[in-house]
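# Residue-level structure breakdown
So the chains spell out like this:
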Amino acid sequence: MTGFAPGARRDRFFLPEGLVYLDGNSLGPLPRGAKTAISHLTEKEWGETLIGSWNEHDWIGAPERIGDKIAPLIGARPGETVVSDSVSVNVFKLAAAAVLARTGRRVILSEPGNFPTDLYMIEGLKRLRPDLELRLVERGAMADALDEDVALLLLTHVHYKTAEVFDMAALTAAAHAAGALTLWDLSHSVGAIPVDLSGCEADLAVGCGYKYLNGGPGAPAFLYVAERHQGALVSPLSGWLGHAAPFDFSDDYRPAAGISRWRAGTPPMLALAALEAGLDEFAGLSMDDVAAASRELSDRFVQRVYRTCPQLELISPPDPAARGSHVSFRFPQAYEAMQALIDRQVVGDFRAPDAMRFGITPLYLTETDMDRAVDTLADILESGAWQQERYSVRQAVT
Ligand SMILES: *Cc1c(COP(=O)(O)O)cnc(C)c1O
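Keep in mind the model is a prediction, meaning the values are calculated, not measured. (Residues numbered from 1 in each chain as written. Predicted model: local features only at pLDDT ≥ 70, side-chain atom pairs only at ≥ 80, totals over all residues. Heavy atoms only, no water.)

Here the largest pocket defines a volume of roughly 380 Å³. What lines the largest pocket is a set of 20 residues, among which Asp 23, Ser 26, Asp 349, Val 397 and Thr 398 lie closest to the centre. Counting only elements with at least two residues in the lining of the largest pocket, the list comes to α9 (334-343) and β14 (349-351). If you add up the space inside the second largest pocket, you get close to 180 Å³. Forming the boundary of the second largest pocket are 15 residues, of which Val 87, Ser 88, Phe 115, Thr 117 and Tyr 210 lie nearest the centre. (1 Å grid on protein atoms, 1.4 Å probe; cavity = no way out; pocket = protein on both sides within 12 Å on 5 of 7 lines; lining within 4 Å. Points joined across faces, edges and corners; volume = space filled by probe spheres on them. Helix = DSSP H or I, 4+ residues; strand = E, 2+ residues; numbered from the N terminus.)

As structure tokens, this is what we get:
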């Protein structure tokens, strides 16, 4: 018995009847409150108050206000989180600032198979800073690889494919002992499992708004800078809305105090209205309870796959406590099998080269959904229904 009953918030979301949606870790469904918030913002604020809304409806304060709503989900204190840009851009901003602050050190340490954008952004940073080295080390060897050359440890807390979880407390402590800073990508953690940035003494973090936070397609991302670093680190993307006094319109850049300096341009208010409504669905929930419900559902799912789908190989940790809130299986024709499954109203996704991935989101999923998903999958594998020609046509987004 957990404190959160799986599916208890289902009626707060638009979810088509008969659909089992196991892809909320890639695009969360539409919260009913988001639809209302967007029409309110367009009709009442943009439509009636126009530019006065920046002050009257505090549009200008939205990035910090929404950041403070994310804070309890990640163990941040008020004033340490701001919403801006995408995860990719935020990785760049924070990594560039971190290496500038760690003079004499030239290595950014990460793991092979990290989410590609994190690695790609560092490649781009290296073009501006050819002295930097991106060192990729297998996770078992990570702590030992922290030497006096490492400026920054850049890791994704929950792996996007396997759902393996890094020990944030231990690795942050090891990084600090070696004199390095840490930057955690929380894209598959926030809204999925408890995160305690303060308790782990983490330095920097980024995370995604459109996955478990249900903020809508392309929702703005967030970033976190521990208060103790806020005076020393400066964003390389020194846009006007991160300025101490943007409406002075002075020629030279002076960073705002606190977390606001990590803003760059004008906040996307339509998107922020949806994200804020998505976050309001977490109000009053304990992430320990939500994660316990997720483990219950995902264990039920995995045990049923073990019993009925011998063709699949689990690539996530078998222990529910050692994974985030999704599970993945290897199957040689994973793409085709996933297309056949989607065709039968069970939506997961495919991750190259051969993984079938299922997001387990207890806000709106139930035990019945788990059973139906596995039973449909077993039927597809057993009957070979996935072999139909049409299931092999690759689309742009998988
Ligand atoms: C989804 C995801 C991102 C997304 O980056 P955007 O730039 O916001 O599209 C980044 N990192 C990880 C680990 C992700 O899972």
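For the rest of this paragraph, the subject is the site of the ligand. Around the ligand sit Ser 86, Val 87, Ser 88, Phe 115, Thr 117, Asp 118, Thr 156, Asp 185, Ser 187, His 188, Tyr 210 and Lys 211, and those are all the residues in its vicinity. A distance of 3.1 Å separates an oxygen atom of the ligand from a polar atom in the side chain of His 188. Between the ligand and Lys 211, the relevant distance is 2.5 Å, taken from an oxygen atom to a side-chain nitrogen or oxygen of the residue. The site holding the ligand turns out to be the second largest pocket. Of all the secondary-structure elements, those providing two or more residues to the shell around the ligand are α4 (87-101) and α5 (116-128). Grouping the amino acids of the shell around the ligand by side-chain chemistry returns three nonpolar, six polar and three charged. (Near = heavy atom within 4 Å. Polar contact = N/O pair within 3.5 Å; in protein donor to acceptor, adjacent residues only side chain to side chain. Sits in = over half its atoms within 2 Å of the grid points. Nonpolar A, V, L, I, M, F, W, Y, C, P; charged D, E, K, R; others polar.)

With antiparallel pairing, the four strands of this open sheet are ordered in space as β11-β12-β15-β14. Each end of this open sheet is capped by a strand with a single partner; those strands are β11 (313-314) and β14. Relative to strand β15 (residues 355-359), strand β12 (residues 326-330) runs antiparallel, the two being bridged by five bridges. Counterpart to Ser 328 in the pairing with β15 is Arg 357. Against the sheet, helix α8 (residues 287-308) contacts β11, β12 and β15, and its axis sits at roughly 15 degrees relative to β12. (Pairing = 2+ DSSP bridges. Contact = heavy atoms within 4.5 Å. Axes fitted to C-alpha atoms, helices over the stretch in contact; angles between N-to-C directions.)

If you walk through the whole model with that rule in mind, you get one cavity of 30 Å³ or more. Contributing to the lining of the largest cavity are Gly 24, Gly 191, Ala 192, Tyr 212, Asn 214, Phe 282, Val 290, Ser 325, Thr 361, Pro 362, Leu 363 and Tyr 364. Its residues assigned to classes, the lining of the largest cavity comprises seven nonpolar, five polar and no charged.

Structural measurements only, silent on function.
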